[in-house]
Structure formats: structure tokens, C-alpha cells
Amino acid sequence: MDDRTLMLSIIAAYMLACLAIGVWAARQTKSSSDFFVAGKGAGIVVLGFASFSTILSGFGFIGGPGLVYKYGTSSFWICLPAALGISLVGLLLGKRFKAFAELFDILTLPDAIAIRYNSEVCRLTAGVVILLGVIAYLGTNILAFGAVAATFFDIDFTAAAIIGMTVVIGYAVFGGIIAGLYTDVFQGAIMMFAGVAVFWIALTTVGDGDFLSGPRNITDVFTASGQKAAIGPWGLLGPMACLSYLFLFQLGGTGQPHTITKMFMARDFNTVKWSPVLASLAYLLCVLLWVSVGFAMKYLVLTGGAEALPAGEEDNAAPLFLMNHTPAWLAGIVFSGLFAAIMSTADSFLNIGAGVFVRDIPRAILKRPVKNELVCARVATLLIAIAATLFALWAKKHGDLIAILGIFGWGLFAAAFVPMVTIGFNWKRATWQGAVSAAVTGLTVNVGLDLASKYPSEAPLYVVPNAISAGAIAVMASVFVMIVVSLVTAPKTLSSRTEEALDF
Amino acid sequence: MKSNSDLPIRIVAALTGTMLLMVFVSESMPAPIRTIIFAICIVGIIGVLVLKNLLSGPRAAIFRKLFGLGFLVFWVILVSIILFDVSFAPGDTLRFGMEPATAMLVFGITLFPFSFVLLWVLGFDRAVLTPEKEQHLKKLTEEGKEDVSNG
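Residues numbered from 1 in each chain as written. Chains lettered and ligands numbered in written order. Predicted model: local features only at pLDDT ≥ 70, side-chain atom pairs only at ≥ 80, totals over all residues.

## Quick look at the overall build of chain B
Line of reasoning, step 1. Looking only at helices and strands, chain B has seven helices and zero strands in total.
Line of reasoning, step 2. Written out in order from the N terminus, the α and β elements of chain B read α-α-α-α-α-α-α.
Line of reasoning, step 3. The C-alpha radius of gyration computed for chain B amounts to 21 Å, which surpasses the reference 15 Å derived for 151 residues by more than 25%, pointing to a less compact arrangement than a globule.
Line of reasoning, step 4. Along the first, second and third principal axes, the C-alpha set of chain B runs to 70 × 35 × 30 Å.
Line of reasoning, step 5. Here chain B holds 151 residues, and 34% of them are scored as buried.
Line of reasoning, step 6. Contacts in chain B between residues far apart in sequence, at least 24 positions, make up 65% of those at least 6 positions apart. (Helix = DSSP H or I, 4+ residues; strand = E, 2+ residues; numbered from the N terminus. Rg over C-alpha atoms; globule rule 2.2 N^0.38 Å. Buried ≥ 20, exposed ≤ 12 C-beta atoms within 10 Å, placed from the backbone. Contact = placed C-beta atoms within 7 Å.)

## A short note on the overall build of chain A
Line of reasoning, step 1. Looking only at helices and strands, chain A features 21 helices and zero strands.
Line of reasoning, step 2. Expected size for 504 residues packed as a compact globule is a radius of gyration near 23 Å; at 22 Å, chain A falls within 12% of this value.
Line of reasoning, step 3. Projected onto the principal axes, the alpha-carbon positions of chain A cover approximately 70 × 50 × 45 Å.
Line of reasoning, step 4. When the 504 residues of chain A are sorted by exposure, 65% land in the buried category.

## Examining the nonpolar core
Residues and elements named next belong to chain A.
Line of reasoning, step 1. By size, the foremost hydrophobic cluster in this structure holds 240 residues, and its most contacted members are Tyr283 and Val475.
Line of reasoning, step 2. Counting residues per element, this core draws most heavily on helix α8 (residues 157-206), which supplies 25 residues.
Line of reasoning, step 3. Those residues within four positions of Val475 in sequence are excluded, and the remaining contacts are Phe247, Leu248, Leu251, Gly252, Ala414, Ala415, Val418 and Gly442. (Core = buried A, V, L, I, M, F, W, Y, C linked by C-beta atoms within 7 Å.)

## Some thoughts on the interface of chain A and chain B
Line of reasoning, step 1. Taken together, the contact pairs 66 residues of chain A with 55 residues of chain B.
Line of reasoning, step 2. A per-element tally of the side of chain A that touches chain B places helix α5 (residues 76-103) of chain A first, with 13 residues.
Line of reasoning, step 3. Partitioned by chemical class, the residues of the side of chain A that touches chain B number 40 nonpolar, eleven polar and 15 charged. (Nonpolar A, V, L, I, M, F, W, Y, C, P; charged D, E, K, R; others polar.)

## Side note on the packing of helix α15 (residues 328-366) of chain A against helix α16 (residues 373-396) of chain A
Residues and elements named next belong to chain A.
Line of reasoning, step 1. Between α15 and α16, the shortest axis-to-axis distance is 8 Å and the interhelical angle comes to 125 degrees. In this view, α15 runs oblique relative to α16, as classed from their interaxial angle. Judged by the sense of rotation from one axis to the other, the crossing of α15 with α16 is right-handed. For the pair formed by α15 and α16, the contact residues are Leu350, Gly353, Ala354, Phe357, Val358 and Arg359 on the first element and Glu373, Cys376, Ala377, Ala380, Thr381, Ile384 and Ala385 on the second.
Line of reasoning, step 2. Its residues placed into classes, the contact of α15 with α16 shows nine nonpolar, two polar and two charged. (Axes fitted to C-alpha atoms, helices over the stretch in contact; angles between N-to-C directions. Parallel < 35°, antiparallel > 145°, perpendicular 65-115°, else oblique. Left-handed = near helix turned anticlockwise from the far one by under 90°.)

## Description of helix α13 (residues 269-302) of chain A
Residue and element names in this part refer to chain A.
Line of reasoning, step 1. Taking 1.5 Å per residue, 34 residues should reach 50 Å; α13 reaches 51 Å between its end C-alpha atoms and fits that length.
Line of reasoning, step 2. At Cys286, α13 shows its largest kink, close to 30 degrees.
Line of reasoning, step 3. Where α13 ends, the next residue or the one after it, Gly304, has phi of about 85 degrees, a positive value. (Expected span 1.5 Å × (residues − 1). Bend = angle between axes of the 7 residues up to and from the residue.)

## What about the confidence of the model for chain B?
Line of reasoning, step 1. When pLDDT is averaged along chain B, the result is 88; 93% of the residues meet or exceed 70.
Line of reasoning, step 2. Reported confidence for the predicted complex is 0.91 by ipTM and 0.92 by pTM. (pLDDT = per-residue confidence, 0-100.)

## What to know about the environment of Gly332(A)
All names here are of chain A.
Line of reasoning, step 1. With respect to the helices and strands, the residue Gly332 is situated in helix α15.
Line of reasoning, step 2. Residue class for Gly332 comes out buried when judged on the 24 C-beta atoms lying within 10 Å of it.
Line of reasoning, step 3. For Gly332 and Thr303, which are 29 residues apart along the polypeptide, the C-alpha to C-alpha distance reads 27 Å.

## Let's talk about the environment of Phe112(B)
Residues and elements named next belong to chain B.
Line of reasoning, step 1. Topologically, Phe112 is positioned in the loop between α4 (100-111) and α5 (114-122).
Line of reasoning, step 2. Taking the C-alpha atoms as reference points, Phe112 and Val73, 39 residues apart in sequence, are found 8.7 Å from one another.
Line of reasoning, step 3. When residues no more than four places from it in sequence are discounted, the contact partners of Phe112 are Val73, Phe74 and Ile77.

## Describing the confidence of the model for chain A
Line of reasoning, step 1. Confidence along chain A averages 89 in pLDDT terms, with 98% of residues attaining 70 or more.
Line of reasoning, step 2. Put simply, helix α17 (residues 399-407) of chain A is where chain A has its lowest mean pLDDT, 54, and helix α20 (residues 470-488) of chain A is where it has its highest, 97.

## A look at helix α7 (residues 120-153) of chain A
Owing to its 3.6 residues per turn, the α-helix brings residues three or four apart onto one side.
Residues and elements named next belong to chain A.
Line of reasoning, step 1. With 34 residues, α7 extends 48 Å between its outermost C-alpha atoms, agreeing within 8% with the 50 Å of an ideal straight helix rising 1.5 Å per residue.
Line of reasoning, step 2. Among the 34 residues in α7, 24 count as buried, and that is most of the element.
Line of reasoning, step 3. Residue Asp154 follows α7 closely and has a positive phi angle near 60 degrees.

## So, unusual backbone geometry
Residue and element names in this part refer to chain A.
Line of reasoning, step 1. With an omega dihedral of -10 degrees, the bond running from Tyr455 to Pro456 counts as a cis peptide bond.
Line of reasoning, step 2. Even without being glycine, Asp208 reaches a positive phi, approximately 55 degrees.
Line of reasoning, step 3. The residue Asp208 is located in the loop between α8 and α9 (214-224) in this model.
Line of reasoning, step 4. Even without a glycine there, the phi angle at Ala467 is positive, about 55 degrees.
Line of reasoning, step 5. When the 17 C-beta atoms within 10 Å are taken as the criterion, Ala467 is described as partly exposed.

Next up, the structure:
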């Protein structure tokens, strides 16, 4: 069996295992509560693994190493703070979300927001933000999936994207979030293995067979090649940019709906207590791949062991390292880990997107729930997956559009939900006007700054000084607006139960 | 009892406002000063939110102090990175094969936050959710759930 066949066989086995979990989960899914929040019965291991594997998308395994290759340690300020960001979900929201889930019939994040603010406008706003983010996030993940398969396995891009989404649909439509959670455990385990194995191989490669010599060799070679700034504490982007990433990826972790929604699924408070610990530790093992492969590839380029990647193709750093410097069986498992990262994020997005369509929009606009929520949820999941795939295939033909899609990611969710949820669920005085203003501000600043810094391409309208992240500025602005508007508007009267839940 | 005062949130607003100022109108300020102020604001915002989320009774006092101390140390780590970077010269001693500031980033920023996770676990019953509160929630839950169809 040649290397390519071996790798494809391992990846195919992984896909089949995901489908098998989906078949099992479909038998456990008997109600919309099962479909959206796993019957609120997830334990420590399941919730811990699901939380971290959901947050580490294809960007973590492909884009992250690419950023290290391009900007050096600047990229560390994205991945390392996110470990605490995952814990902050527990610290800032865990017990209160569990209390809301116990006291109310909550299946989606907009459900909780509507109760918190006693406002259907807030529910609708949250739903719209989630839908925008879901389509864009899913689109970029499908693009990543198709691009890796097409570039490294010589499979047609469209065919690869359709195969990947078909597998996700196969388990997410029928098994709902139960399938999502249990495939996340399986996928998370593969990702952890991939992270540790590749970290070891990367440092051993640059250390000439000695793992511990790896960092020193990188320092020596980069310094001798005049690339010292890349291995300094701020990389090539500088301190203000790096600190803005620290802010965005630490506090912003509490504004990611696909992760914080998991807190509704906790079986008990013991799960709320321990799952963030497990999630942070597991996440840290996975990002070992992120921090090591980019430097290893750059080291190989500087020492003549590999050809330099052309500008704009830095994302190929990780796949190229896997293809050329790891045994085929391990590359197969790590590529499965890469696809696992993409798929574990995609299934969560499909689930929260379906929740908006089936539960939040009808309740916010029609003022009533839909009949047969479970069937509608399955249909909605299927339709969103098809729409996102078609959107990604269309977007592939528009390079600029792919770049624009990138901004509808972490920053968009953080700018909307850090004020609306992280501040709002920790401050009773927060008002619905403040929450809606914050979401609109976050969206506008995020999109506005990004577009202004790119167009017109020959002379952009405005470039943020010191390479500070537009997403971080959007979070600062939206939090500020949330607090100021809330202080000048009168809060609505909340039910005694809501008051009790907010006091937890 | 949890404090319902607006003061902590007003502090968060002041800190985010300061960060926005640092972003847009601080070019005339020396870079290390600007960076240190930015770091103070980031740690301050997260620290205030975490402390606001802890219970305020006497049983939680020790954990409130430890969390507060933890955020102070976290800020010192950030400032150390800034200062080590400024003072490093080629030929200086490396730490773990890296510049001292980079080693501080790799080990400090990565590992120190786990002290917060440790405090969260150790102090959960005293500073996050007391058994009495959990019992109270169970009692409320037994009274039945509220539908959310009317928001």
C-alpha cells in the first residue's frame, strides 16, 4: 500500500467512525431537548472535550501554523490566551447558565438572552448575529476542508467539500447535539494525539534528533538569518497587536455561542466545576501543533531543508510538514485530526444555527413555537448545511469574498456576545437597549474597520495603528457602549425567577 | 450575597474607554508606557469581572484575595515581558533556549492562568456556589420550569 492510499484509508476509517457515532446518537435523540442540549445530561468528560474541540476549528490546525510561519511568536498571543478563555466560560458564566437551564425551558442561547432581558428584540438580535456567524464560519471551514483535500490528496475541491459536509450532515441531522458531543469526544482525542505527536516530531526535527535542543536551534538559526524579531516575545506584529489578541482571545472566549451554549448541557454543578479544567488542559495539548509546526517549517526553509512558501500560501506550512516529515500512518491520523477540528466546529454551528431557525425566529417574530420542533430542527440542520456548502463553493470563486468572510469569525461573536452575555449575565442593571446597541456597534466596528483597512486596495481608507486587531477594538467599543447605554436607560422589570437566576 | 453595585462595571467601562484611547490617540506616548497601560486595562477588565462573579461572604474572602493576587501576578508577568524585551541584547543569556521574554511568554502566559483554574476548583464550594445555594436552586427547580415562549 502506498503512502497516499494509507493516509486516505485512515481518513476514511475516521469518517466512518463519525457516521457510526451518528447512527447511535440518532437512536438517543427523541426530543428537541435531546437535539439541542443533549437532554441537559452531559458529564464532565463529554462536556470538557466538546468545549475545546468545538473552539479549535480548522483555523487552529492550518491557519495557526501558517501565522507562526509568517509572523513568528505573534501568533502565540492568539492560541495561548485562549486556554484561559475556555476556563473563563466556566468562571464567568458556568453557574449562572446552569441555573438558567434548571429554572427555564432553555434550549438555545437566544432563549436565555430573551429571558435575561425580558426582550424578544434581544432574542432576534442574538439570532441574527448567530446566523451571520454560522454561515460565514461554516463557509470558511468548508473552504479549508476542500482546500486541504484538493491540494494534498489530489481530490477535486467540490467533491471534497461535498464529501466532508455529507459526513457532518450524516451524523448532525439525525443525531443532533448528542452526535455532536460524542463525535467531539472522539475527534478531540484524535486532535490531542495529533498535537502532542507533531510537537514532538517538529522539535526533534529542528533539534537534529534531540527534542530539547529544538528551541535553541530555532533561536540560533533565526538570529543568524536576521529574523530575530520573529522569535522575540511579540513576533513581527509588535506588542500592541499581541496584547489586543490576548484581550480578544481571552475575554472573547466567553462570547463564542458554540462553546458557551455547552454550559446549558451540563448534567450538574460538578460538571460545571470540572469541565472547564479538562477543556483547558486538552486545548493546550492540541495547540502544541500550532506553536511548533510553523517554526519548524521556517527553520527548514532557513537551513535549506525545504523551499520557501510563496507569499499568500503560508497556510500550507502544516500540511507540507506532515506530508514530508512524518510517517504516512501518523500523517493519516493527524490529517484526520485536522478534519476532526473542522467537523467538530461545523456540527456545533449547524446545531446552533438550526436552533435559531426553529426556535428563536418563530418565537421572536410569530410569538409562538413551531409544531414538531424535532423534525423541523433536522430539516433546518440539513438546509443550513446545504446553504453553507453552496455558499462556500460560490465564495471560492471570489478571493476577496473569502478574505471578508474571515472577519465574521471569533471577533464578530465576541463583539456581540461579550457585552450581551458576559457583561449582561453578571450585571443586573444591563438593559435590552444596551445589549442591542452593543451588538450593532460590535458588528459595525468589526466589519467597518476590516473593510476600511482593505479597500480600496491601492490606498485603504483607514488602517488601524500598530496592527491592533479589529475584532479586539470591536469588543472594546461594544462593551463600552453596552455599559454607557445601560446606565442611561431604565431596565425592564424581570420575573422573580430571573432575578434569582442572576443572583447565583 | 453578591454585590449588586455598579462600581465594578463602571470600572470596566473606564478601562475599555482607556484602551480605545490607547488604540487611536496614543502615538505620542512612548511605546513601553502605552503597552503597560494597555496591559493594566486588559488584566483589570478580566480581573474585575472574575472578582464580581465570586461570592462576597467571609467564607469566600480568602479566595477573593487569592484571585486578586493572581491577577496582580498575571499583570506583573505581562510587564516583565515588556521590560525583558526592552532590555535584552544579543549575546545575553537565553532561558530554555529562548530569549527571557519569549520564555516568559511561553511558560508564564501559558501556565500561570492555570492557577486561576486551580483556585476555581478549590474554592468552588466556598466562593462560587455554596451547598446552600445549590439546595435553594433544587427547591426552585422542583416548583417547575417556566416556558420561554413569551420571552
